[in-house]
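Here is what each chain is made of, one letter per residue.
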Amino acid sequence: MKILVANLGSTSFKYGLFDMQTETELARGGIDRIGQEADSNCAVMIGGHRQEIQRPIADHAAAVQMCLDQLTDAQTGCLSSVEEVGAVGFKAVFAGKLSGVRIVDDALLDAMETLADVAPAHNPPYVKAMRQLRAAFPAIPLVAALETAFHETIPEEYRTYAVPHEWRDMYDVRRWGYHGASHRYIGTRMAQLTGRDDLKVISCHLGGSSSICAMEGGVSRSTSMGMTPQSGLPQNNRVGDMDPFALRLVKRLSGKDYDTLLDELASQGGLLGMSGVSNDLRDIEQAAERGNTQAELALKVYAADIKRYIGQFLAVLNGADAIVFTGGIGENSTRIRSNVCDGMDYVGLRINESSVQNPEASERRGETETLSEGERRISTGDSRIDVWIVPTNEEIVVARQTMNRVSRVQGPE
Ligand code: AMP
């Protein structure tokens, strides 16, 4: 079966096409600047060949259509017709109690629409693209793999806010958790790499959007994102955790209303707000190197928050076997990794980024799998906790979940 996986941002659309018999990726592409006046950047890789097109793309439905046109192009495509796609899987974000892996139906679309305040950058483009795809290709099943599903195993004591009880009972105000596909991938991959299915792993997904997850035996026990993806660690331009009572003060002093203040926190906060430079960590690192003190502070706060969550999760799990860095920042920023890992002698954690992995030592440690591109252990041989860099693969997780879902009788889980 061939599965198309769609990952939508507010102005971007990324996709991967997988042959699930062999779990091989047949094509991968992405379109950004959707709905903006400038020409969109649209790139697709099919069979190792890259094509780029630049033109305005009106909305996500037009982006999806363009992707299908590319995949079925007579000269360069890898599908003879759209009907070859067995299902489309969406890395969807939030539908409240309608969590899990679900066939896209009216109830799900209505829930995602009604609850868009929780994920304002994500739910609206997903709903729009899903509705348009359903109308255009009624024979292709659409599946939503909700980001919150992976965190359904978090015990009550780690998911409950101390809010008035009717907020929890009537409005479902609680820590839902996100980045489920990424943390699930890291849990599965660490079990493959070590040959152990009982590992305690702290997965640090650090990117444009960041969250940390405490996992035991591949199952989520606690996570840093709460009710909405605006919470937890500072995000690229979203605030992360803060005291909601600051809002009342700023409202009075600024004369702005609550909606405006929340929009500011969701678009002008996070790394952008603290650094005043950019929402991109590379720009912030460069500015800090040039002596920009606000940029320096933003990097320190970000690393300190990651460290605090790791400390919490060491307590939740009663120790850990491995800490894993993933995402654009987690995989690439040596500065953030070292700021996080420095001063963790209390758990015997030591890293050495330049150490070359010794296959015999890996074998002694029970590392059973050949490493894939980008995967490496950066802890020293005597570190009591292993520290890994493992590139995530959210798309293959969604593709697997989608295939399993369509293979079962249709209907909600
Ligand atoms: P993602 O959302 O996972 O694609 O990650 C995006 C983030 O990763 C942005 O903040 C980038 O600045 C950051 N990033 C990507 N490459 C690097 C790099 N080489 N060094 C530091 N940060 C990077």
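Scroll up to find the structure this text is about.
What comes next concerns the included structure.

Reading guide: rules and limits
- Note that residues are indexed from 1 along each chain, following the sequence as it is written.
- Note on the predicted model: pLDDT of at least 70 is required for a residue's local features to be given, and 80 or more for side-chain atom pairs to be given and counted; whole-chain, interface and lining totals, by contrast, use all residues.
- With hydrogens and water excluded, all non-hydrogen atoms of the structure serve as input to the side-chain values.
- A fitted line through C-alpha atoms represents every axis, and for helices the fit uses only the stretch in contact; the resulting angles, taken between N-to-C directions, go from 0 to 180 degrees.
- Only DSSP runs of H or I covering at least 4 residues are called helices, and only runs of E covering at least 2 are called strands; the numbering of each starts at the N terminus.
- Should an angle fall under 35 degrees it is taken as roughly parallel, and over 145 as roughly antiparallel, whereas 65 to 115 is taken as roughly perpendicular and any remaining angle as oblique.
- Handedness of each helix crossing follows the sense of rotation of the near helix against the far helix: counterclockwise by less than a right angle gives left-handed, clockwise gives right-handed.
- Contact criterion: two residues are considered in contact whenever any of their non-hydrogen atoms come within 4.5 Å of each other.
- Under the convention adopted here, Pro, Cys and the residues Ala, Val, Leu, Ile, Met, Phe, Trp and Tyr are nonpolar, Asp, Glu, Lys and Arg are charged, and Gly plus all remaining residues are polar.
- Only Phe, Tyr and Trp rings are paired, with Trp represented by its six-membered ring, and only when their centres lie within 6.5 Å; those with planes under 30 degrees apart are stacked, over 60 edge-to-face, the remainder tilted.
- In this analysis the charged atom, NZ for Lys or CZ for Arg, is taken to sit over a ring once it is within 6 Å of the ring centre and within 35 degrees of the ring normal.
- To define a nonpolar core, start from buried Ala, Val, Leu, Ile, Met, Phe, Trp, Tyr and Cys residues and group those joined through side-chain atoms within 4.5 Å.
- Exposure categories follow from relative accessible area, calculated using a 1.4 Å probe and restricted to protein chains: below 20% of the type maximum is buried, above 50% is exposed, and the middle band is partly exposed.
- Here, strands pair whenever DSSP counts at least two bridges between them.
- Note on terminology: near, applied to a residue and a molecule or strand, indicates that one of the residue's heavy atoms is within 4 Å of it.
- Polar contact is the term for a pair of N or O atoms within 3.5 Å; when the atoms are in protein, one must be able to donate a hydrogen and the other to accept it, and sequence-neighboring residues count only if both atoms are side-chain atoms.
- Calculation of accessible area relied on Shrake-Rupley with a 1.4 Å probe; when residues are assessed, cover is drawn exclusively from the protein chains displayed.

Let's shift gears to the packing of helix H2 (residues 106-114) against helix H3 (residues 123-136). Contact geometry for H2 and H3: axes closest at 9 Å, N-to-C directions at 155°. Relative to H3, H2 is oriented roughly antiparallel. In terms of crossing hand, the pair formed by H2 and H3 is left-handed. Between H2, through Asp 106, Leu 109, Asp 110, Met 112 and Glu 113, and H3, the contact on the second element is made entirely by Asn 123, Tyr 126, Val 127, Met 130, Arg 131 and Arg 134. Grouping the constituent residues of the contact of H2 with H3 by class yields five nonpolar, one polar and five charged.

What follows deals with the packing of aromatic side chains. Two numbers describe a pair of aromatic rings. These are the distance of the centres and the angle of the planes. Throughout the structure, instances matching the rule amount to five aromatic pairs. Plain terms: the ring middles of Phe 94 and Tyr 178 are 6.3 Å apart, the flat faces sit at 50° to each other, and that makes the pair tilted. Of this pair, Phe 94 sits in the loop between strand S6 (85-90) and strand S7 (101-103) while Tyr 178 sits in the loop between helix H5 (165-171) and helix H6 (180-194); the two residues are 84 residues apart in sequence, bridging distant segments of the chain. In textbook terms, an aromatic cluster arises when at least three aromatic residues are bridged by ring pairs, as seen for Phe 94, Trp 176 and Tyr 178. The side chain of Lys 251 reaches across the aromatic face of Tyr 258, ending 5.3 Å from its centre. Looking at Arg 377, its charged tip hangs above the ring of Trp 388, at a distance of 6.0 Å from the centre.

Further remarks concern the nonpolar core. Formed by 48 residues in total, the largest nonpolar core has its most connected members in Leu 4, Phe 13, Val 88, Phe 90 and Met 130. Looking at which element gives the most residues to this core, the answer is helix H1 (residues 60-71), with six residues. Not counting chain neighbours up to four residues away, the residues in contact with Leu 4 comprise Tyr 15, Gly 16, Leu 17, Cys 67, Leu 68, Leu 71, Val 85, Ala 87, Val 88 and Gly 89. Counting 36 residues, the second largest nonpolar core, distinct from the first, contains Ile 202, Ile 306, Ile 323 and Cys 341.

Looking now at the sheet that holds strand S11 (residues 219-223). In space, the six strands of this open sheet follow the order S11-S10-S9-S12-S14-S13, with mixed pairing throughout. Each edge of the open sheet carries a strand with a single partner, namely S11 and strand S13 (376-377). Sheet analysis places strand S9 (residues 200-205) next to strand S10 (residues 211-216), joined by six bridges and oriented antiparallel. Bridge pairing in S10 links Ile 202 to Ala 214.

What follows covers the environment of Gln 65. Positionally, Gln 65 belongs in helix H1. The sequence separation of Gln 65 and Glu 367 amounts to 302 residues, and the corresponding C-alpha distance is 43 Å.

With that settled, the discussion passes to the site of the ligand. Near the ligand you find Gly 207, Gly 208, Asp 280, Leu 281, Arg 282, Glu 285, Gly 327, Gly 328, Ile 329, Asn 332 and Ser 333, and these make up its full shell. Gly 208 is positioned with one of its backbone polar atoms (N or O) 2.8 Å from an oxygen atom of the ligand. One nitrogen or oxygen atom from the main chain of Ile 329 is found 3.3 Å from an oxygen atom belonging to the ligand. Look at the ligand: alone it shows 510 Å² of surface, and the protein chains cover 69% of it. Residue assignment for the shell around the ligand shows that the elements contributing at least two residues are helix H10 (281-289) and helix H12 (327-332). The element that contributes the greatest number of residues to the shell around the ligand is H12, accounting for four residues. In terms of residue class, the shell around the ligand is built from two nonpolar, six polar and three charged.

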